[in-house]
Every structure is written in structure tokens, then in C-alpha cells.
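# Summary of structural features
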Amino acid sequence: MKTSDFKYYLPEELIAQVPIKDRSSSRLMVLDKATGEIEHRIFKDIIDYLEEGDCLVLNDTRVIPARLIGEKESSGGRVEFLLLKRDGELWETLVKPGKRAKIGSRISFGGGKLVAEVVDIVEDGSRMVKFIYDGIFEEVLDELGNMPLPPYITAKLDDKERYQTVYSKHKGSAAAPTAGLHFTECLLEEIKSKGVDLAFVTLHVGLGTFRPVKVDDVESHKMHSEFYVVSEDAAEKINRAKENGKRIICVGTTSCRTIESVASEDGKMHAKTGWTDIFIYPGYKFKVVDNLITNFHLPESTLVMLVSALSKKEYVLSAYEEAVKEKYRFFSFGDAMFFK
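Model, not experiment: these values are computed from the prediction.

Cut-offs used in this document
Residues numbered from 1 in each chain as written. Predicted model: local features only at pLDDT ≥ 70, side-chain atom pairs only at ≥ 80, totals over all residues. Heavy atoms only, no water. Domains from an automatic or database assignment. Contact = heavy atoms within 4.5 Å. Buried area = accessible area lost by both parts, 1.4 Å probe. Salt bridge = Lys/Arg side-chain N within 4 Å of Asp/Glu carboxyl O. Pairing = 2+ DSSP bridges. Helix = DSSP H or I, 4+ residues; strand = E, 2+ residues; numbered from the N terminus. Axes fitted to C-alpha atoms, helices over the stretch in contact; angles between N-to-C directions. Buried < 20%, exposed > 50% of the residue type's maximum accessible area, 1.4 Å probe, protein only.

### Things to note about the domain arrangement of the protein chain
As assigned here, the protein chain comprises domain 1 (3-63 + 159-339) and domain 2 (67-146). Here domain 1 and domain 2 have C-alpha centroids that lie 31 Å from each other. Every contact between the two is made by nine residues of domain 1 and, on the other side, 10 residues of domain 2. Carbon and sulfur atoms make up 49% of the area that domain 1 and domain 2 hide from each other, which totals about 740 Å². Here domain 1 is connected to domain 2 by one salt bridge. Between aspartate 142 and lysine 171 there is a salt bridge, with its nearest N and O atoms 3.5 Å apart.

### Brief notes about the sheet that holds strand β3 (residues 55-59)
The strand order β2-β1-β17-β16-β14-β3-β12-β13-β15 describes an open sheet built from nine strands, whose pairing is mixed. Two strands in the sheet have a free side with no partner beyond their single neighbour: β2 (38-42) and β15 (272-276). On average, each strand axis in the sheet is tilted by 25° relative to the strand beside it, whichever way the strands run. Inspection of the sheet shows β3 paired to strand β12 (residues 197-203) by five bridges, in the parallel sense. The residue of β12 that forms the bridge with leucine 58 is phenylalanine 200. Across the sheet, helix α5 (residues 302-310) lies against β16 (291-295) and β17 (336-339), angled at about 155° from β16, the strand it touches most. Running at roughly 150° to strand β1 (residues 27-31), helix α6 (residues 313-325) makes contact with β1, β2, β16 and β17 of the sheet.

### Notes on the sheet that holds strand β7 (residues 90-96)
Strand order in the closed barrel made by the six strands is β5-β6-β7-β10-β9-β8, with antiparallel pairing throughout. On average, adjacent strands in this sheet sit at an angle of 45° to one another, irrespective of strand direction. The sheet contact formed by strand β6 (residues 78-87) and β7 spans seven bridges and is antiparallel. Across the sheet, aspartate 87 pairs through a bridge with leucine 90, a residue of β7. Taken strand by strand, helix α1 (residues 137-144) contacts β5 (67-72), β6, β7, β8 (106-109), β9 (114-121) and β10 (127-133), and its axis lies near 145° from that of β6.

### Overview of the pairing of β16
For β16, a buried count of five out of five residues is recorded, marking the element as mostly surrounded by other parts of the structure. Pairing of strand β14 (residues 248-251) with β16, which is carried by three bridges, proceeds in the parallel orientation. Bridge pairing links isoleucine 249 to asparagine 291 in β16. Bridge count for β16 against β17 is four bridges, and the pairing is antiparallel. In the strand pairing of β17, isoleucine 293 is matched with phenylalanine 338.

See below:
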């Protein structure tokens, strides 16, 4: 299976630069994963596809202001950090330019309010750094950091909360679980009133999910690990729905990867905390997930590969061609798909 098998043409003007005013008024493409049949709806219509007893799984991670701009103490040269994940007292970070971040280098942010010391260089070129600061790290980061919007978004984000889901809770992500951006509190209440269970899991999204696949052979690609938490409550709700013959509908690829990582081979869920580097691509046999709500993803990305595993690659790429033709909005602030 080749990476190029997941390529499609996308005009640049279809990449959404800003979120629409009403989260739930984005467009919704409904793809029948078994037949390839397509419907065009509005996102708030998702409630028409949910049934009493179904379980909707959502990732309640919260994006941290993970982008930092500082200067090297020895030379004053500009350095940009992107925090990827925490490992005890250390952080794995992407650094630009990397040549200014040799082991032992110190980078200052906010006039010295925060100082990073590079302690190691990881195989892929990212850095392990130790931060020096007074007070509470999260408060210092809130003051000095910026929202880590993807590089394809060049417009300024006026309201930082628009890059958070309305149910975001646990801080730790370098990117938003964007399928969840379409939900409003009102829509979630309507869904609950219909008898649908909401199960919240946490997966702190790193950039490994979004990094380009640089190998020709899909199976040679290695995902970066991401931290997850599945509570007893979430596991019970998912198991109950399965036992009652109801569907498990994941909101986003991150919640999908989380529960597929945790589930045993017989599809049972258990409360668990850990790290996952699961890579889902065509041929994968889903243990728990029945349906998926997701956004439109980058060509040749691991995310296009994941959704192609849930349906047929030919159906997915045909749906993407239809989305381009109908001028759907793509990527993080774009429109949504439902794999029914």
C-alpha cells in the first residue's frame, strides 16, 4: 500500500482560515461507509443520525498555548518553540531554527520569565528541554504562549476559545481535536435528551498525528506516541452500548484511536491510562468503533488513511472529490463528515 494511493487534489482556497460564526452551522457530508452513497446536510442535523442508546465518544483534551517565541541567551537570536508533550519535568519540543538549540543551549522567553535549557536531542530532531521559572508553569505559559494553529492557517484567530471544543477540560494538547469544534452546548444537550450517552475520553494530541508521511510504503510509517486516559465511567458507557446492540460513534480520529488502543480483542473496554502510537490504515479490523464524525483531512495523511480503513478507500477519495466540487471547507476550521 503506497502513500500516494491517498493523494487527492485540493485547491488552496478551500482550506478554511477562520471558524464560522455558529459552530453547528458548518456543512456535513454524510457518507454511507458500506455503499459510498453521499448526502449533504448541516452539522446540527447530526442528531437525525443518532439513536437512543448509542454512545457518542468525545475527546475532552484542551489545547495549551504551546507556541513560544524567545531568544538565545548567548546570541539574542530568535528561536521558536512548539511544545509537543510532557515527560516528567522535561518537555519534548520542536525548535526553529534547530541549529540554535544544541545541548546546553538556553533560550529565554518573556524577558527571562521562562528559560528553557536543552538537555537532549531526540532521533527525529526534536529537543528535550527543562524549563526554569518562578510560580506555576501553566500560568507562565498562559501569559507567554500562543495558540499553536496549524501552518496552513495564516489568518489571525480573534477568539482563542474557537480553537477549543466547548467540552474541553484537561490541558495538554498541541492541536485541537477538530471534529469536536462543531458541537455547541445546546446541541450536546439535545443529543443527551434523545437518550444518547456521552462518553468522554482524553487523548493529548501531539503533532505526530499531523506530521507528513515521508515513506512510500504506508506500513513503514511510525506514529509518535500520545498520552490518553479512559475513565471507568467512559468504559462502562461504551461497554453498555455494545452489550445492548447499539453503536459506538467517535467524534474525531483522536477518540477513535484512543478507544481502539484500549479495547481488548473481544471489544471490551477497561479503564486505562497510558501512551498510544496506534496507526490505523486500510486492513485494520475495528474492535469497538462503528461510526465516525470527522473533518476533511490533508492528502496522503495518516488521518485520510484512518478514515479509509473505516470505509473503502475508493469511497472516501470519491467523497473528497465531491467535497471539492461542492466547495466544502477543509481541515481544522472546515466542514465535517459522518461515516454512517
